[in-house]
Amino acid sequence: MIRYSAILCIALLCAVGAGSASAAEPPPSETRQVFGTGAIVPIPASIPHEAGDMVDKRIVPDLRWIAQRYPIYVTDGYSGPAPDGGWSGCHGCHVRGSDHYNGLAVDIVPLVPSSTCDAKWTGITRLAHWAEPVQNKPVLPFRWVGYDGDAGHGCGHHLHLSWNHAVAKRYELAEWVEVFPAPGGETGRKPRASQPPKTPKAPRGPSGGLSISRTGGLSPRGD
Ligand SMILES: [Zn+2]
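None of these values were measured; they are calculated from a predicted model.

Right, let's talk about the overall build of the chain for a bit. Each helix and strand counted, the chain has three helices and eleven strands in total. Mapped in sequence order, the helices and strands of the chain form the string α-β-β-β-α-β-β-β-β-α-β-β-β-β. The 223 residues of the chain split such that 50% are buried. The contacts of the chain with a sequence gap of at least 6 include a subset with a gap of at least 24, amounting to 67%. Of the accessible surface of the chain, which amounts to about 10,100 Å², a share of 58% is contributed by carbon and sulfur atoms.

In structure tokens form, the structure reads like this:
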């Protein structure tokens, strides 16, 4: 389903997104763990997204950085009770323990939609390889990357990115979130290498979750 907002974004932004898709970016050279001050917030307009999508604000600078370099469109972020009531994100479409329940994962498709693995996915594939150069070995700050080789994900379906974070219950904010430095990020962050946190370890688990795709033309998988 392509919503009006998506069409509007495409009309305004596809040229910019397509132009930036060719940029080759080095992997994050340094990541930091951001403690506290989390909140579930609407995704800013500078990051193309489906209307109503929200995330933990601590990953917004990273997402903005990515959106400036890759032609992304976020189809789902936080899934859970919205801070102002109601519901944010999809219902019942993510696996148990999904990082979507903590606002620390996003599902991504090309800014120019396509339900088949064609040239429109080139920038998304490049982003996936940037975040996970080797299958099942994502580079920090990413905890789990779902793409080619992962059931329910991949070119023509969607890319899932999870940020590394402290163990947190469903619908609760994580004590810390790992990010890479990006403009607009919070100050006072602790370099990962020099100050290992005395905080809960990141959750172990198979994945950050599955989601339906905006463009896939596929039935919701229910997982
Ligand atoms: Zn996902």
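We now examine the packing of aromatic side chains. The description of an aromatic ring pair rests on the distance of the ring centres and on the angle between the ring planes. According to the stated counting rule, one finds nine aromatic pairs in the structure shown. Aromatic side chains Y101 and Y171 sit 5.8 Å apart centroid to centroid with 85 degrees between the ring planes, which places their arrangement in the edge-to-face category. With Y101 in the loop between β6 (87–88) and β7 (105–110) and Y171 in the loop between β9 (159–163) and β10 (176–179), the pair connects residues that are 70 residues apart, well separated along the chain. Of the residues examined, Y171 reaches a relative accessible area of 33% and is grouped as partly exposed. Site record: aromatic cluster; members linked through ring pairs are W65, Y70, W130, F142, W163 and F180.

With that settled, the discussion passes to the side chain of H153. Counting through the fold element by element, H153 comes out in the loop between β8 (142–146) and β9. Judged by relative accessible area, which is 9%, H153 ranks as buried. A polar contact is formed between the side chain of H153 and the backbone oxygen of A151, at a distance of 2.8 Å.

Turning to unusual backbone geometry, a few remarks are in order. The amide bond that connects L140 to the next residue, P141, takes the cis arrangement and shows omega of 15 degrees. Of note, P141 is situated in the loop between α3 (122–131) and β8. For N136, which is not glycine, the phi dihedral falls at a positive 70 degrees. Assignment of secondary structure puts N136 in the loop between α3 and β8. Take N136: its relative accessible area is 55%, and that puts it in the exposed class.

So, about the nonpolar core. Residues I66, I72, L161 and W163 are the most contacted members of the largest nonpolar core, which totals 38 residues. At the level of elements, α2 (60–67), β4 (72–76), β7, α3, β8, β9 and β10 are the ones that each hand at least two residues to this core. Setting aside its immediate chain neighbours within four residues, I66 contacts I72, L127, W130, F142, L161, W163 and F180.

So, about the pairing of β7. With six of its six residues buried, β7 lies for the most part within the structure. Across four bridges, the pairing between β4 and β7 is antiparallel. Pairing of I72 across the sheet is with P110, part of β7.

Calculation criteria
- Residues numbered from 1 in each chain as written.
- Predicted model: local features only at pLDDT ≥ 70, side-chain atom pairs only at ≥ 80, totals over all residues.
- Heavy atoms only, no water.
- Helix = DSSP H or I, 4+ residues; strand = E, 2+ residues; numbered from the N terminus.
- Buried < 20%, exposed > 50% of the residue type's maximum accessible area, 1.4 Å probe, protein only.
- Contact = heavy atoms within 4.5 Å.
- Areas by Shrake-Rupley, 256 points an atom, 1.4 Å probe, with all protein chains shown as cover.
- Phe/Tyr/Trp six-rings, centres within 6.5 Å; stacked < 30°, edge-to-face > 60°.
- Polar contact = N/O pair within 3.5 Å; in protein donor to acceptor, adjacent residues only side chain to side chain.
- Core = buried A, V, L, I, M, F, W, Y, C linked by side-chain atoms within 4.5 Å.
- Pairing = 2+ DSSP bridges.

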